[in-house]
Amino acid sequence: MQLNDKKVIVTGGPTREWLDPVRYISNASSGKMGIAIADAAYTQCKELVFIHGPIDGSLVAGKPYRCIAVESTIDMLEAIKQELSPDVILIMAAAPADYKPVTKSPVKIKKSNENLTIELQRNPDILKTIAQIKKEENKFNNIVLIGFAAETTDVIAYGKTKLVEKELAMICINDVSRSDTGFGSDYNEVTVMLADGTVKELHKMTKKDVAENILKIIIHNL
Ligand code: CTP
(Lines give C-alpha, C1' and ligand atoms only; values in the text may rest on other atoms or scores of the structure.)
Protein backbone atom coordinates (compact mmCIF):
# COMPACT_ATOMS: atom_id res chain seq x y z
CA MET A 1 0.00 0.00 0.00
CA GLN A 2 1.24 3.47 -0.91
CA LEU A 3 0.74 6.14 1.75
CA ASN A 4 1.18 9.22 -0.45
CA ASP A 5 -2.49 9.18 -1.50
CA LYS A 6 -3.77 8.41 2.02
CA LYS A 7 -5.01 10.55 4.88
CA VAL A 8 -3.63 9.02 8.07
CA ILE A 9 -5.46 9.61 11.36
CA VAL A 10 -3.41 8.60 14.38
CA THR A 11 -4.79 8.67 17.91
CA GLY A 12 -2.77 8.69 21.11
CA GLY A 13 -2.90 9.13 24.85
CA PRO A 14 -5.66 8.38 27.33
CA THR A 15 -9.13 9.84 27.50
CA ARG A 16 -10.59 11.42 30.63
CA GLU A 17 -14.05 10.86 32.10
CA TRP A 18 -15.04 13.37 34.76
CA LEU A 19 -16.71 12.29 37.98
CA ASP A 20 -17.06 15.76 39.46
CA PRO A 21 -15.32 19.10 38.77
CA VAL A 22 -12.03 17.89 40.30
CA ARG A 23 -11.85 14.11 39.73
CA TYR A 24 -11.75 11.89 36.71
CA ILE A 25 -11.18 8.33 35.49
CA SER A 26 -8.29 7.86 33.10
CA ASN A 27 -5.28 5.61 32.48
CA ALA A 28 -1.49 5.70 32.24
CA SER A 29 -1.12 6.12 28.46
CA SER A 30 1.44 8.88 27.72
CA GLY A 31 0.68 9.39 24.02
CA LYS A 32 4.33 8.73 23.08
CA MET A 33 3.60 5.71 20.86
CA GLY A 34 0.92 7.61 18.93
CA ILE A 35 3.21 10.60 18.44
CA ALA A 36 6.03 8.34 17.21
CA ILE A 37 3.65 6.86 14.63
CA ALA A 38 2.37 10.30 13.60
CA ASP A 39 5.97 11.53 13.19
CA ALA A 40 6.89 8.49 11.07
CA ALA A 41 3.77 8.66 8.89
CA TYR A 42 3.74 12.44 8.38
CA THR A 43 6.49 12.57 5.76
CA GLN A 44 5.01 9.69 3.76
CA CYS A 45 1.27 10.37 3.61
CA LYS A 46 -0.97 12.94 1.91
CA GLU A 47 -2.33 14.33 5.20
CA LEU A 48 -1.73 13.52 8.84
CA VAL A 49 -4.04 14.30 11.75
CA PHE A 50 -3.14 13.40 15.33
CA ILE A 51 -6.12 13.20 17.69
CA HIS A 52 -5.08 12.92 21.31
CA GLY A 53 -6.47 12.86 24.81
CA PRO A 54 -4.95 14.82 27.71
CA ILE A 55 -1.16 14.46 27.36
CA ASP A 56 1.92 16.55 28.16
CA GLY A 57 1.55 19.53 25.80
CA SER A 58 5.30 19.70 25.15
CA LEU A 59 5.05 16.36 23.34
CA VAL A 60 2.97 17.92 20.54
CA ALA A 61 4.32 21.49 20.60
CA GLY A 62 5.59 22.60 17.20
CA LYS A 63 4.51 19.48 15.32
CA PRO A 64 4.20 20.10 11.57
CA TYR A 65 0.87 18.25 11.39
CA ARG A 66 -2.59 19.04 12.73
CA CYS A 67 -3.10 17.99 16.37
CA ILE A 68 -6.63 17.86 17.80
CA ALA A 69 -6.99 17.71 21.59
CA VAL A 70 -10.03 15.91 23.03
CA GLU A 71 -11.05 14.80 26.51
CA SER A 72 -13.53 11.95 26.66
CA THR A 73 -13.87 8.77 24.60
CA ILE A 74 -17.05 10.13 22.99
CA ASP A 75 -15.15 13.35 22.09
CA MET A 76 -12.43 11.24 20.46
CA LEU A 77 -14.99 9.23 18.48
CA GLU A 78 -16.71 12.42 17.29
CA ALA A 79 -13.37 14.00 16.28
CA ILE A 80 -12.48 10.89 14.25
CA LYS A 81 -15.91 10.86 12.55
CA GLN A 82 -15.39 14.52 11.56
CA GLU A 83 -12.07 13.64 9.92
CA LEU A 84 -13.24 10.52 8.02
CA SER A 85 -12.77 10.44 4.28
CA PRO A 86 -12.67 7.51 1.82
CA ASP A 87 -8.84 7.40 1.80
CA VAL A 88 -8.34 7.17 5.59
CA ILE A 89 -6.00 4.85 7.45
CA LEU A 90 -6.97 5.01 11.13
CA ILE A 91 -4.23 3.98 13.55
CA MET A 92 -5.69 3.77 17.06
CA ALA A 93 -2.74 3.99 19.44
CA ALA A 94 -4.89 5.80 22.03
CA ALA A 95 -6.14 4.14 25.18
CA PRO A 96 -9.72 5.43 25.34
CA ALA A 97 -11.51 4.88 28.66
CA ASP A 98 -13.96 2.00 28.27
CA TYR A 99 -16.25 3.32 31.02
CA LYS A 100 -17.51 6.65 32.26
CA PRO A 101 -19.42 7.62 35.39
CA VAL A 102 -23.19 7.36 34.90
CA THR A 103 -23.50 10.86 36.28
CA LYS A 104 -21.07 13.75 36.58
CA SER A 105 -21.68 15.67 39.78
CA PRO A 106 -21.81 19.43 39.12
CA VAL A 107 -20.23 20.02 42.54
CA LYS A 108 -17.31 18.36 44.30
CA ILE A 109 -18.40 15.07 45.89
CA LYS A 110 -17.85 15.39 49.65
CA LYS A 111 -16.43 12.46 51.59
CA SER A 112 -18.39 10.63 54.26
CA ASN A 113 -17.45 7.77 56.58
CA GLU A 114 -19.14 5.22 54.31
CA ASN A 115 -17.58 3.46 51.33
CA LEU A 116 -18.33 5.15 48.03
CA THR A 117 -19.66 3.21 45.05
CA ILE A 118 -19.39 4.80 41.64
CA GLU A 119 -21.59 3.41 38.89
CA LEU A 120 -19.91 3.31 35.49
CA GLN A 121 -21.46 2.90 32.07
CA ARG A 122 -19.84 1.59 28.91
CA ASN A 123 -18.32 4.00 26.45
CA PRO A 124 -18.57 3.18 22.74
CA ASP A 125 -15.74 1.13 21.24
CA ILE A 126 -14.29 3.57 18.73
CA LEU A 127 -12.79 0.98 16.37
CA LYS A 128 -15.97 -1.11 16.34
CA THR A 129 -18.04 2.02 15.66
CA ILE A 130 -15.82 3.01 12.72
CA ALA A 131 -15.84 -0.60 11.44
CA GLN A 132 -19.65 -0.40 11.42
CA ILE A 133 -19.59 2.93 9.53
CA LYS A 134 -17.15 1.35 7.04
CA LYS A 135 -19.65 -1.48 6.40
CA GLU A 136 -22.74 0.71 6.24
CA GLU A 137 -21.49 3.62 4.13
CA ASN A 138 -20.22 2.62 0.68
CA LYS A 139 -17.90 5.59 0.36
CA PHE A 140 -15.99 4.46 3.46
CA ASN A 141 -15.52 0.83 2.28
CA ASN A 142 -11.80 1.25 1.77
CA ILE A 143 -10.95 2.75 5.15
CA VAL A 144 -8.13 0.76 6.79
CA LEU A 145 -8.34 0.13 10.55
CA ILE A 146 -5.26 -0.57 12.62
CA GLY A 147 -5.41 -1.16 16.36
CA PHE A 148 -3.19 -1.61 19.35
CA ALA A 149 -3.77 -4.05 22.18
CA ALA A 150 -2.60 -3.37 25.72
CA GLU A 151 -2.49 -6.68 27.58
CA THR A 152 -1.09 -8.01 30.85
CA THR A 153 -1.97 -11.72 30.46
CA ASP A 154 -2.47 -14.10 27.51
CA VAL A 155 -1.08 -11.26 25.44
CA ILE A 156 -1.16 -12.85 21.98
CA ALA A 157 -4.51 -14.64 22.40
CA TYR A 158 -6.29 -11.48 23.57
CA GLY A 159 -4.61 -9.45 20.83
CA LYS A 160 -5.84 -11.89 18.18
CA THR A 161 -9.39 -11.74 19.56
CA LYS A 162 -9.31 -7.92 19.27
CA LEU A 163 -8.00 -8.12 15.70
CA VAL A 164 -11.00 -10.27 14.74
CA GLU A 165 -13.72 -8.57 16.84
CA LYS A 166 -12.75 -5.03 15.81
CA GLU A 167 -12.40 -6.11 12.14
CA LEU A 168 -8.86 -4.75 11.85
CA ALA A 169 -6.33 -5.05 9.04
CA MET A 170 -3.57 -5.24 11.62
CA ILE A 171 -2.99 -5.09 15.38
CA CYS A 172 0.11 -4.11 17.37
CA ILE A 173 0.10 -6.06 20.62
CA ASN A 174 1.85 -4.68 23.72
CA ASP A 175 2.58 -6.45 26.99
CA VAL A 176 1.94 -3.52 29.36
CA SER A 177 2.78 -5.55 32.49
CA ARG A 178 6.48 -4.90 31.76
CA SER A 179 7.96 -1.81 33.41
CA ASP A 180 10.81 -1.42 30.87
CA THR A 181 8.51 -0.97 27.86
CA GLY A 182 4.96 0.25 27.19
CA PHE A 183 3.09 2.95 29.13
CA GLY A 184 5.22 6.06 29.70
CA SER A 185 8.46 4.45 28.48
CA ASP A 186 10.46 5.56 25.43
CA TYR A 187 10.80 1.88 24.50
CA ASN A 188 8.35 -0.70 23.32
CA GLU A 189 8.23 -4.33 22.28
CA VAL A 190 5.38 -5.19 19.98
CA THR A 191 3.96 -8.24 18.25
CA VAL A 192 2.31 -7.21 15.00
CA MET A 193 -0.46 -9.48 13.73
CA LEU A 194 -2.05 -9.09 10.31
CA ALA A 195 -5.61 -10.08 9.44
CA ASP A 196 -4.32 -13.15 7.56
CA GLY A 197 -2.64 -14.40 10.75
CA THR A 198 0.93 -13.41 9.81
CA VAL A 199 2.93 -12.45 12.91
CA LYS A 200 5.96 -10.14 13.07
CA GLU A 201 7.93 -9.55 16.25
CA LEU A 202 9.43 -6.13 16.93
CA HIS A 203 11.89 -6.80 19.73
CA LYS A 204 12.61 -4.12 22.37
CA MET A 205 13.51 -0.87 20.60
CA THR A 206 12.68 2.83 20.87
CA LYS A 207 9.09 3.85 20.14
CA LYS A 208 10.49 5.81 17.18
CA ASP A 209 11.95 2.59 15.72
CA VAL A 210 8.77 0.63 16.53
CA ALA A 211 6.77 3.30 14.69
CA GLU A 212 9.04 3.18 11.63
CA ASN A 213 8.79 -0.62 11.55
CA ILE A 214 5.00 -0.50 11.87
CA LEU A 215 4.88 1.92 8.93
CA LYS A 216 7.09 -0.42 6.85
CA ILE A 217 4.79 -3.35 7.66
CA ILE A 218 1.74 -1.29 6.60
CA ILE A 219 3.41 -0.28 3.32
CA HIS A 220 4.66 -3.76 2.44
CA ASN A 221 1.82 -5.94 3.73
CA LEU A 222 -1.50 -4.12 3.50
N1 CTP B 1 -10.25 1.12 21.59
C2 CTP B 1 -11.31 1.74 20.98
N3 CTP B 1 -12.36 2.17 21.74
C4 CTP B 1 -12.38 1.93 23.08
C5 CTP B 1 -11.30 1.26 23.69
C6 CTP B 1 -10.25 0.85 22.92
O7 CTP B 1 -11.28 1.94 19.76
N8 CTP B 1 -13.42 2.34 23.80
C9 CTP B 1 -9.12 0.71 20.73
C10 CTP B 1 -7.74 1.10 21.23
O11 CTP B 1 -7.35 2.36 20.73
C12 CTP B 1 -6.86 -0.02 20.68
C13 CTP B 1 -7.80 -1.22 20.69
O14 CTP B 1 -9.13 -0.70 20.70
O15 CTP B 1 -6.46 0.23 19.35
C16 CTP B 1 -7.61 -2.14 21.85
O17 CTP B 1 -7.67 -1.38 23.04
P18 CTP B 1 -7.40 -2.07 24.46
O19 CTP B 1 -7.46 -1.02 25.52
O20 CTP B 1 -6.20 -2.96 24.37
O21 CTP B 1 -8.62 -3.07 24.60
P22 CTP B 1 -10.16 -2.91 24.81
O23 CTP B 1 -10.82 -3.06 23.48
O24 CTP B 1 -10.47 -1.68 25.58
O25 CTP B 1 -10.49 -4.22 25.65
P26 CTP B 1 -10.04 -4.62 27.16
O27 CTP B 1 -9.95 -3.32 27.91
O28 CTP B 1 -11.13 -5.51 27.61
O29 CTP B 1 -8.70 -5.32 27.03
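To keep things clear, this report deals only with the structure shown in the data block.

Parameters at a glance
Residues numbered from 1 in each chain as written. Predicted model: local features only at pLDDT ≥ 70, side-chain atom pairs only at ≥ 80, totals over all residues. Heavy atoms only, no water. Near = heavy atom within 4 Å. Polar contact = N/O pair within 3.5 Å; in protein donor to acceptor, adjacent residues only side chain to side chain. Areas by Shrake-Rupley, 256 points an atom, 1.4 Å probe, with all protein chains shown as cover. Helix = DSSP H or I, 4+ residues; strand = E, 2+ residues; numbered from the N terminus. Nonpolar A, V, L, I, M, F, W, Y, C, P; charged D, E, K, R; others polar. Axes fitted to C-alpha atoms, helices over the stretch in contact; angles between N-to-C directions. Parallel < 35°, antiparallel > 145°, perpendicular 65-115°, else oblique. Left-handed = near helix turned anticlockwise from the far one by under 90°. Contact = heavy atoms within 4.5 Å. Patch = residues over 30% accessible without salt bridge, like charges linked within 9 Å, V, L, I, M, F, W, Y side chains within 5 Å. Salt bridge = Lys/Arg side-chain N within 4 Å of Asp/Glu carboxyl O. Buried < 20%, exposed > 50% of the residue type's maximum accessible area, 1.4 Å probe, protein only. Lys, Arg positive; Asp, Glu negative; His and termini not counted.

### Re the site of the ligand
Right, on to step 1. Close to the ligand lie 14 residues, the nearest being Met 92, Ala 94, Asp 98, Lys 162 and Lys 166.
Right, on to step 2. Between the ligand and Asp 98 there is a distance of 2.8 Å, counted from an oxygen atom to a side-chain nitrogen or oxygen.
Right, on to step 3. Take Pro 124: an N or O atom from its main chain is 3.0 Å from a nitrogen atom of the ligand.
Right, on to step 4. If the ligand stood free it would expose 570 Å²; the protein chains cover 78% of that surface.
Right, on to step 5. Elements with a minimum of two residues in the shell around the ligand: helix H3 (126-136) and strand E9 (144-151).
Right, on to step 6. Examining the composition of the shell around the ligand, we find that 4 residues originate from one element, E9, more than from any other.
Right, on to step 7. The class makeup of the residues in the shell around the ligand is 9 nonpolar, 1 polar and 4 charged.

### Quick look at the packing of helix H2 (residues 73-83) against H3
Right, on to step 1. Where H2 contacts H3, the axes come no closer than 10 Å and their chain directions differ by 30 degrees. What the angle tells us is that H2 and H3 run roughly parallel. Considering the relative orientation of H2 and H3, their crossing is right-handed. Residues Thr 73, Met 76, Leu 77, Ile 80 and Lys 81 of H2 touch H3, and the partners they reach there are Ile 126, Thr 129, Ile 130 and Ile 133.
Right, on to step 2. For the contact of H2 with H3, the class distribution of residues is 6 nonpolar, 2 polar and 1 charged.

### Description of a nonpolar patch on the surface
Right, on to step 1. Together, Tyr 99, Leu 116, Ile 118 and Leu 120 make up a nonpolar patch on the protein surface, roughly 390 Å² of accessible area in all.
Right, on to step 2. Tracing the chain through its elements places Tyr 99 in strand E7 (residues 99-101).

### Digging into the side chain of Ser 85
Right, on to step 1. Mapped onto the fold, Ser 85 is located in the loop between H2 and strand E6 (88-92).
Right, on to step 2. Classification of Ser 85 as buried rests on a relative accessible area of 17%.
Right, on to step 3. Within the structure, the side chain of Ser 85 is placed 2.5 Å from the side chain of Asp 87, a separation counted as a polar contact.
Right, on to step 4. If we ignore the near neighbours within four places in the chain, the residues touching Ser 85 are Lys 7, Phe 140 and Ile 143.

### Points about the environment of Ile 9
Right, on to step 1. Relative to the elements of secondary structure, Ile 9 occurs in strand E1 (residues 7-12).
Right, on to step 2. Given a relative accessible area of 0%, Ile 9 falls into the buried group.
Right, on to step 3. C-alpha separation for the pair Ile 9 and Lys 46, spaced 37 residues apart in sequence, amounts to 11 Å.
Right, on to step 4. Leave out the neighbours within four places in its chain, and Ile 9 touches Val 49, Ile 51, Ile 80, Glu 83, Leu 84, Val 88, Ile 89, Leu 90 and Ile 91.

### A closer look at unusual backbone geometry
Trans is the common state for peptide bonds, and a negative phi is the common state for residues other than glycine.
Right, on to step 1. Not every positive phi belongs to a glycine, and Asp 154 is a case in point at roughly 40 degrees.
Right, on to step 2. The class of Asp 154 is exposed, set by a relative accessible area of 52%.
Right, on to step 3. With a phi close to 55 degrees, Glu 167 is a non-glycine residue in the positive phi region.
Right, on to step 4. Structurally, Glu 167 is set in the loop between helix H4 (155-165) and strand E10 (170-175).

### A word on the side chain of Glu 17
Right, on to step 1. Within the element layout of this structure, Glu 17 appears in strand E2 (residues 17-20).
Right, on to step 2. For the buried Glu 17, no salt bridge is present, and the opposite-charge side chain at shortest range is Lys 100, 5.8 Å distant.
Right, on to step 3. Of the polar contacts made by the side chain of Glu 17, one reaches the side chain of Asn 123; its length is 2.9 Å.
Right, on to step 4. Sequence-distant contacts of Glu 17, defined by excluding residues within four places in its chain, comprise Arg 23, Tyr 24, Ile 25, Ser 72, Thr 73, Ala 97, Tyr 99, Lys 100, Pro 101 and Asn 123.

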